Amino acid sequence: MKHNVLTRTILYFICFFTFFANSAPANSATLNVYIAEYPPFQILDEKNGHTGFAVELFKEIVKLTEIQVEYIAVPWVRAKRIVAEQPNSVLFTMAKTPEREKLYTWVDTTYLVNEGVFALNDRKDITINSLEDVYNYSIALPRGDVSVTTLNIFPDHTEGAFIVEHQEQCIKMLNLSRVDLNYNNDVGFFVAAKMLGFSPDKFKQVFITRQTELGIVANKNINPESLRKIRQAMVTLKENGVYARLQHTWFGDN
């Protein structure tokens, strides 16, 4: 009798723990991938699927690593905050700065751009020899962008600065001569201008600040094995020609 009770008790606990093990969320190990609109790196399309150079590159990374991922499209400022706080999450595309390296794990560099100041091509009156000269003109900048800290807009310089939600809004304002300048990078600016229907010849980069690394960042507490796999996949994609193919597709011979 005691033997039967003991057997039933053991079976009960086996069934109990098996049930809860199988009931655990299937996506508990899923890597949350946060993206924000930023052509040509991220082009959001809920109906047909998100695309862009960085999105397609990460899809290739996923193929090699077989990491389970969920793509989550949110505004840039919110995405930065979430990934800084949420373990096992990544974000792209971000410009590399010393300040951001303190907040995130730099996973890998995906592209190099020339950061700087843009104006209308016919504005012969604009002269920018240093970032200090920017304060002599009006400028549009996207909220939460690296340009805000690069130019030290807040709190020291607010007059003539217009902070909006997206770079596309900045370029539209520049096109309409509502502002004199926009701070951007050469790839992001000219591709976005073309997508908005503007001729790239209408604009010029009047000052180059620096060459900047763009790439993938992760929460400081990302799974170490996932981090290793992503970095190794980037090496493989550069060796097997897939990275070069995507680069040519999205940027031509640049």
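This text goes with the structure placed above it.
Residues numbered from 1 in each chain as written. Predicted model: local features only at pLDDT ≥ 70, side-chain atom pairs only at ≥ 80, totals over all residues. Heavy atoms only, no water.

Participant: How would you summarise the packing of helix H2 (residues 53–65) against helix H8 (residues 224–239) if you had to cite specific residues and measurements?
Facilitator: One can describe the packing of H2 onto H8 by two numbers: an axis separation of 9 Å at closest approach and a directional angle of 110 degrees. Judged by the angle between their axes, H2 and H8 are roughly perpendicular. Contact with H2, carried on its side by Leu 57, Phe 58, Glu 60, Ile 61, Leu 64 and Thr 65, involves Lys 229, Ile 230, Ala 233, Met 234, Thr 236 and Leu 237 of H8 and no other residues of that element. (Axes fitted to C-alpha atoms, helices over the stretch in contact; angles between N-to-C directions. Helix = DSSP H or I, 4+ residues; strand = E, 2+ residues; numbered from the N terminus. Parallel < 35°, antiparallel > 145°, perpendicular 65-115°, else oblique. Contact = heavy atoms within 4.5 Å.)

Participant: Describe in detail the sheet that holds strand E5 (residues 139–142), supporting the description with residues and values.
Facilitator: Sheets are built from strands that pair by backbone hydrogen bonding, the pairs being arranged parallel or antiparallel. With mixed pairing, the 8 strands of this open sheet are ordered in space as E2-E1-E3-E8-E4-E7-E5-E6. Edge positions in the sheet fall to strand E2 (69–73) and strand E6 (161–164), since each has one partner strand and no second. Ignoring strand direction, the axes of neighbouring strands in this sheet form an average angle of 25 degrees. Inspection of the sheet shows strand E4 (residues 105–120) paired to strand E8 (residues 203–218) by 14 bridges, in the antiparallel sense. Note on E8: the bridge partner recorded for Tyr 111 is Leu 214. Taken strand by strand, helix H7 (residues 186–195) contacts E4, strand E7 (181–185) and E8, and its axis lies near 115 degrees from that of E7. (Pairing = 2+ DSSP bridges.)

Participant: Lay out the side chain of Asp 133 in plain terms, naming residues and giving numbers.
Facilitator: Checked against the element boundaries, Asp 133 lands in the loop between E4 and E5. One buried charged residue, Asp 133, forms no salt bridge at all, with the nearest opposite charge on Lys 204 at 14 Å. For Asp 133, the residues in contact, after removing those within four places along its chain, are Thr 127 and Ile 128. (Buried < 20%, exposed > 50% of the residue type's maximum accessible area, 1.4 Å probe, protein only. Lys, Arg positive; Asp, Glu negative; His and termini not counted. Salt bridge = Lys/Arg side-chain N within 4 Å of Asp/Glu carboxyl O.)

Participant: Help me get a handle on the pairing of E4, residues and values and all.
Facilitator: The buried fraction of E4 is high, at 14 of 16 residues. Examined bridge by bridge, E4 and E7 share 4 bridges and lie antiparallel to one another. Directly across from Glu 115, in E7, lies its bridge partner Asn 185.

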